[in-house]
Amino acid sequence: EAAKPRGELGAACRHVALLVGQTSRVRYVVWEKAEAVVGALNALQARGGEAALAAGCSAFAAKLLAQGSAVVEKAPAMAYPLAMLATSVGARCPALTQHLRAHFCAA
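To start, this report covers the structure provided alongside it. (Residues numbered from 1 in each chain as written. Predicted model: local features only at pLDDT ≥ 70, side-chain atom pairs only at ≥ 80, totals over all residues. Heavy atoms only, no water.)

1. What to know about the nonpolar core
In plain terms, the rule: Among buried residues, the Ala, Val, Leu, Ile, Met, Phe, Trp, Tyr and Cys ones that are joined through side-chain atoms within 4.5 Å form a nonpolar core. Note on exposure labels: buried denotes an accessible area under 20% of the residue type's maximum, exposed denotes more than 50%, and partly exposed covers the range between, all computed with a 1.4 Å probe on protein chains only. Counting from the N terminus, the helices are DSSP H or I runs at least four residues long and the strands are E runs at least two residues long. Note on contacts: a residue pair is in contact if any heavy atoms of the two residues lie within 4.5 Å.
Core analysis: the biggest nonpolar cluster contains 17 residues, and F60, V89 and L100 have the highest contact counts within it. Listing elements by their share of this core, those giving two or more residues are α1 (7-74), α2 (79-92) and α3 (95-106). Top contributing element to this core by residue count: α1, with 10 residues. If near-sequence neighbours (up to four positions away) are discounted, L100 is found in contact with F60, A61, L64 and A86.

2. A closer look at the environment of M84
Mapped onto the fold, M84 is located in helix α2. Among all residues touching M84, those that are not within four sequence positions of it are R27 and V30.

This is the structure we're talking about:
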């Protein structure tokens, strides 16, 4: 194991470690949000059937597209968490795919 640098170099190394931890946190937050969205979509379906699920999927797709468009203009790399969210939710809720496709094609 390499000796730990001190002073400015040590602070820079700690900053690098902090960035790795933040990246893990971003992925966890995306997973948390995906679970919450899937739960909300399941609740919609349970309360209102397929029509309610379709409305929820459409709302998700519209917001994702609007948010993604705004983010890409300012910081393109920030679109990755949104893509992870769409992929995570879409894997658990196949009905979402057609709504995402419709909103992307309409844009």
